[in-house]
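Chain by chain, the residues run as shown.
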Amino acid sequence: MKKIAIIGGGISGLYFANLLEKNKNYSYKIFEKKSRFELDDGYGIQLSVNSIKLLNEIGFSDIESQKVYFPKKVIFYDAKSFNKICDIDISKFNYEKNRYTTLKRSTLLNFLLKNIPKEKINYNSELSDVSFENKINLKFLDNNYETFDYLILSDGVFSKSKSIIIDKDSRPKYLNSIALRGSLKNFENNDISLYLGPNFHFVIYPVNQNNEFNFISIIRKNLKKEQINDQNYFQNSDFLETLMNEILSKTPVKFKDKIENLKSFPIFRSNGLSKPSKKNIFLVGDALYAFPPSFAQGASQSIASSKDAYDEIENNTDNYYQKRNEKIKAVNSRSMLNYFAFHLSNPFTIFLRNIFLKYLSKNKKFLENYLGKIYKN
Ligand SMILES: Cc1cc2nc3c(=O)[nH]c(=O)nc-3n(C[C@H](O)[C@H](O)[C@H](O)COP(=O)(O)OP(=O)(O)OC[C@H]3O[C@@H](n4cnc5c(N)ncnc54)[C@H](O)[C@@H]3O)c2cc1C
């Protein structure tokens, strides 16, 4: 029986563990830095059909329908005038039980944890060193040692284990943007509403069938290094208020008092793709590559990368990194293009963008290429 270590119990690590649960040829352990999972937060996540298909393979379609939402459209608005620009029918890419889904992140984590026996998760556990003989020897900060056949690195965008395994500086880059997140109840629109403003955008979508909604805004901000590294800076209530007021001053939407649980954090993206020299080590999820959040593909691609890594181990092939590299390029270019187009500030370029958006949102060939290529596999 082959032994697999999974470093990090986020979306990608837990999905990988679910695949291993179904295969008696492997034993595994998850090593998670935190002392417990946050399983009651109300923030949302969008999952496109590519990852829903993979989740359905491990039983996600049986989840209580009240806990998820299936939006049909993304509706684009001009945040300044509040006028609708156009809409895209994302339900066109749905097939069988595989439907574009919005939900709370905690709903997804609870689902992924459901099938994992408690004794397979080691909390408060951080990798400190790795050495290789025939197998992979792992050393942890608490001085525990253990040997494995395969190593899955799924410890997120700031992956420490990646820096231990791969020498070169693989730290992610600050995207000059801040995410402002919150939740609200009873919003007027049940689709995904996307508001494009100068140097910011925000999105509101339902996270279940109980009229609960997620609010997420991406706001451009140049910050000093000390500010980026200071957690308290982002949780300061005056700072949150300033960010919210910045948005509200540029849009007629009056929902300030409706948004609860505001939080902000700096956004990072990966600084290139790193590949370990050993064949039995796999970087998955954000540890492999963290995308700008303007194409809502991070979690979906995290799940897809875990599936590809699992298939590579099962089939003893050697094309995981090449396959992921091609997908990363395609998703990254779309994420960056969205990020650029969503934040235009010059009235003339905004006017042109809106004309393009109206035309492209109804152009089948374009949608098939821009969204279908990513959503279909
Ligand atoms: C503002 C924003 C909005 C987003 N919205 C969406 C969206 O709508 N749709 C979408 O698909 N994606 C979205 N994403 C991206 C998505 O959240 C991530 O891509 C996804 O969570 C990555 O999963 P992961 O398992 O790789 O990492 P994570 O979910 O970050 O999990 C990493 C785990 O590793 C643990 N860990 C960290 N360091 C160590 C260590 N040294 N040792 C052991 N364990 C460790 C952490 O505690 C955590 O449990 C968004 C991202 C942002 C920033």
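Before going into details, it helps to say that this report is about the structure given with it. Predicted model only: the values in this text are computed from it and were never measured.

1. Things to note about the overall build of the protein
Step number 1: Each helix and strand counted, the protein has twelve helices and 18 strands in total.
Step number 2: Relative to the compact-globule value of 21 Å for 377 residues, the protein shows a C-alpha radius of gyration of 21 Å, a close match.
Step number 3: C-alpha extents for the protein along the principal axes are approximately 65 × 50 × 35 Å.
Step number 4: Residue pairs at least 24 apart in sequence account for 74% of intrachain contacts in the protein once pairs closer than 6 positions are excluded.
Step number 5: With an accessible surface of roughly 18,200 Å², the protein has 48% of that area assigned to carbon and sulfur atoms.
Step number 6: With 57 positive and 40 negative side-chain charges, the protein shows a separation of 5 Å between the mean positions of the two kinds.

2. Things to note about a nonpolar patch on the surface
Step number 1: Nonpolar side chains collect at one region of the surface, where F348, F351, L352, I355 and F356 lie side by side and expose about 530 Å² of accessible area between them.
Step number 2: Summarising the element assignment, L352 is placed in helix α11 (residues 347–360).
Step number 3: Residue classification places L352 among the partly exposed positions, given a relative accessible area of 34%.

3. So, the sheet that holds strand β4 (residues 68–69)
Where strands meet in a sheet, backbone hydrogen bonds hold them as pairs that are either parallel or antiparallel.
Step number 1: Overall, antiparallel pairing links the three strands, which are arranged β3-β7-β4 in an open sheet. In this open sheet, the two strands that pair with only one neighbour each are β3 (44–47) and β4.
Step number 2: Both β4 and strand β7 (residues 101–104) contribute to a ladder of two bridges, which runs antiparallel. When the sheet's bridge partners are listed, V68 is paired in β7 with L103.

4. Comments concerning the nonpolar core
Step number 1: The biggest cluster of nonpolar side chains holds 92 residues, and the ones touching the most others in it are I4, L55, F76 and L138.
Step number 2: For this core, the element with the highest residue contribution is helix α1 (residues 11–21), accounting for seven residues.
Step number 3: Among all residues touching L55, those that are not within four sequence positions of it are Y15, L47, F60, L108, F111, L112 and I303.
Step number 4: Formed by 28 residues, the second largest nonpolar core is a distinct cluster that contains A79, Y174, I219 and F255.

5. Here's the deal with the site of the ligand
Step number 1: With respect to spatial proximity, 32 residues lie near the ligand, and among them S12, E32, R105, D286 and A299 are the closest.
Step number 2: Within the contact set of the ligand, a nitrogen atom lies 2.9 Å away from a backbone nitrogen or oxygen of Q46.
Step number 3: Separating an oxygen atom of the ligand from a side-chain N or O atom of D286 is a distance of 2.8 Å.
Step number 4: Taken by itself the ligand offers 1,000 Å² of open surface, and the protein chains cover 86% of this.

6. Thoughts on the sheet that holds strand β5 (residues 73–78)
Step number 1: Pairing is mixed across the open sheet formed by seven strands, whose spatial order is β6-β5-β14-β15-β16-β13-β17. One side of each edge strand has no neighbouring strand; the edge strands of this open sheet are β6 (84–89) and β17 (260–269). For this sheet the average axis-to-axis angle between neighbouring strands, irrespective of direction, equals 20°.
Step number 2: This element, helix α10 (residues 320–342), spans β5, β13 (173–185), β14 (192–197), β15 (200–206), β16 (212–220) and β17 of the sheet and lies at about 75° to β13.

7. Examining the packing of aromatic side chains
Step number 1: Inspection of the entire model under this criterion finds 25 aromatic pairs.
Step number 2: Considering the side-chain rings of F37 and Y123, the 5.6 Å spacing of their centres and the 70° angle between planes classify their relative orientation as edge-to-face. Remark: Y123 occurs in the loop between β8 (121–122) and β9 (127–132) and F37 occurs in the loop between β2 (26–31) and β3; sequence separation between them is 86 residues.
Step number 3: Residues F234 and F239 carry aromatic rings whose centres are separated by 5.9 Å and whose planes lie at 85° to one another, so their mutual orientation is edge-to-face.
Step number 4: A residue is classified by how much of its surface remains accessible, and F234, at 2% relative accessible area, is buried.
Step number 5: For F239, a relative accessible area of 11% translates into the label buried.
Step number 6: Among the aromatic residues, those joined into a ring-pair cluster are Y77, F82, Y195, F200, F202 and F215.

8. Concerning the side chain of D308
Step number 1: The residue D308 is located in helix α9 (residues 298–315) in this model.
Step number 2: The exposure class assigned to D308 is buried, which follows from its relative accessible area of 13%.
Step number 3: When sequence neighbours within four positions are dropped, the list of residues in contact with D308 reads Y320, K323 and R324.

9. Some words on the side chain of Q301
Step number 1: Take Q301: it is sitting in helix α9.
Step number 2: Among the polar contacts listed, one links the side chain of Q301 to the side chain of R324, at a separation of 2.6 Å.

Rules used throughout
- Residues numbered from 1 in each chain as written.
- Predicted model: local features only at pLDDT ≥ 70, side-chain atom pairs only at ≥ 80, totals over all residues.
- Heavy atoms only, no water.
- Helix = DSSP H or I, 4+ residues; strand = E, 2+ residues; numbered from the N terminus.
- Rg over C-alpha atoms; globule rule 2.2 N^0.38 Å.
- Contact = heavy atoms within 4.5 Å.
- Areas by Shrake-Rupley, 256 points an atom, 1.4 Å probe, with all protein chains shown as cover.
- Lys, Arg positive; Asp, Glu negative; His and termini not counted.
- Charge placed at Lys NZ, Arg CZ, Asp CG, Glu CD.
- Patch = residues over 30% accessible without salt bridge, like charges linked within 9 Å, V, L, I, M, F, W, Y side chains within 5 Å.
- Salt bridge = Lys/Arg side-chain N within 4 Å of Asp/Glu carboxyl O.
- Buried < 20%, exposed > 50% of the residue type's maximum accessible area, 1.4 Å probe, protein only.
- Pairing = 2+ DSSP bridges.
- Core = buried A, V, L, I, M, F, W, Y, C linked by side-chain atoms within 4.5 Å.
- Near = heavy atom within 4 Å.
- Polar contact = N/O pair within 3.5 Å; in protein donor to acceptor, adjacent residues only side chain to side chain.
- Axes fitted to C-alpha atoms, helices over the stretch in contact; angles between N-to-C directions.
- Phe/Tyr/Trp six-rings, centres within 6.5 Å; stacked < 30°, edge-to-face > 60°.

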